[in-house]
Amino acid sequence: MRKVLVTGMSGTGKSTALEELSRRGFRVVDTDEPGWTIWDEHDDGYVWREDRIADLLSIDDGPTLYVSGTVSNQGRFYPLFDAVVLLSAPADVLFRRIDTRTTNPYGRAPAERELILRHFADVEPLLRATCTHEIDATQPMAEVVARLIEIGGLDDR
């Protein structure tokens, strides 16, 4: 089974892409969902629960697994993924999407917007430097999903 990490800033469409991949029969885990992360005072943010992620990535059967998330300890797991895909879009696109999405209120408060801009400047370049693929998330979602399926080893359901 191939394993693909889909990462990027808030508002790039990670959750929307995973919803569509799930609808098409792929295995998906959105690590923004409860139970996958814990708050880490040292990192001043959420990190993956390493035991849960390790267990998830130890499974080797079934269709391609797509995992989404952006946390400070994700790099520890890069060797267990077949691909690390960065979804990217300009900040104005991110904020427009954040302002209109109905599934997640994160990013609307002024402090959250400031943090997104800091991450856009500081974290996204690190993700870009360590990803195996980058997808322009300003494209229609159908094209983003098609590219993710291609990266994930074609349609191996």
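Predicted, not measured: the structure shown is a model, and the values here were computed from it.

A. Examining the overall build of the protein chain more closely. Helix and strand content of the protein chain: six helices and seven strands. Going from N to C terminus, the protein chain has its helices and strands arranged as β-α-β-β-β-α-β-β-α-α-α-β-α. Here the C-alpha atoms of the protein chain give a radius of gyration of 15 Å, agreeing with the 15 Å that 2.2 N^0.38 yields for 157 residues. Principal-axis analysis of the C-alpha atoms gives the protein chain an extent of 45 × 35 × 30 Å. For the protein chain, the proportion of its 157 residues judged to be buried stands at 42%.

B. Examining the sheet that holds strand β2 (residues 27–30) more closely. Overall, parallel pairing links the five strands, which are arranged β2-β5-β1-β6-β7 in an open sheet. Every other strand in the sheet has two partners, leaving β2 and β7 (133–136) as the edge strands with one partner each. Adjacent strand axes in the sheet meet at a mean angle of 20°, parallel and antiparallel pairs treated alike. Against the sheet, helix α2 (residues 50–57) makes contact with β1 (3–8), β2 and β5 (65–68), and its axis sits at roughly 160° relative to β5, the strand it touches most. Set on the sheet, helix α6 (residues 141–151) makes contact with β1, β5, β6 (83–88) and β7; between it and β7 the angle comes to about 165°.

C. Representation of the side chain of asparagine 73. Here asparagine 73 lies in the loop between β5 and β6. In terms of polar contacts, asparagine 73 uses its side chain to reach the side chain of glutamate 50, at 3.1 Å. When residues no more than four places from it in sequence are discounted, the contact partners of asparagine 73 are Val47, Trp48 and Glu50.

D. Structural detail: the pairing of β6. The buried fraction of β6 is high, at six of six residues. Looking at chain direction, β1 and β6 are connected through five bridges and run parallel. Bridging across to β6, valine 4 finds its partner in alanine 83. Bridge count for β6 against β7 is four bridges, and the pairing is parallel. Paired with leucine 87 across the strands is isoleucine 135, a residue of β7.

E. Layout of the pattern of salt bridges. Here the structure, examined in full by the defined rule, presents nine salt bridges. For arginine 49, the salt bridge goes to aspartate 51, with nearest N and O atoms at 3.4 Å. By relative accessible area, which is 28% here, arginine 49 ends up partly exposed. Linking aspartate 99 and arginine 113 is a salt bridge whose minimum nitrogen-to-oxygen distance equals 2.8 Å. Linking aspartate 99 in helix α3 (residues 91–100) with arginine 113 in helix α4 (residues 110–122), this pair joins segments that are 14 residues apart in sequence. On the accessibility criterion, arginine 113 (22% relative accessible area) is partly exposed.

What counts as what
- Residues numbered from 1 in each chain as written.
- Predicted model: local features only at pLDDT ≥ 70, side-chain atom pairs only at ≥ 80, totals over all residues.
- Heavy atoms only, no water.
- Helix = DSSP H or I, 4+ residues; strand = E, 2+ residues; numbered from the N terminus.
- Rg over C-alpha atoms; globule rule 2.2 N^0.38 Å.
- Buried < 20%, exposed > 50% of the residue type's maximum accessible area, 1.4 Å probe, protein only.
- Pairing = 2+ DSSP bridges.
- Axes fitted to C-alpha atoms, helices over the stretch in contact; angles between N-to-C directions.
- Contact = heavy atoms within 4.5 Å.
- Polar contact = N/O pair within 3.5 Å; in protein donor to acceptor, adjacent residues only side chain to side chain.
- Salt bridge = Lys/Arg side-chain N within 4 Å of Asp/Glu carboxyl O.

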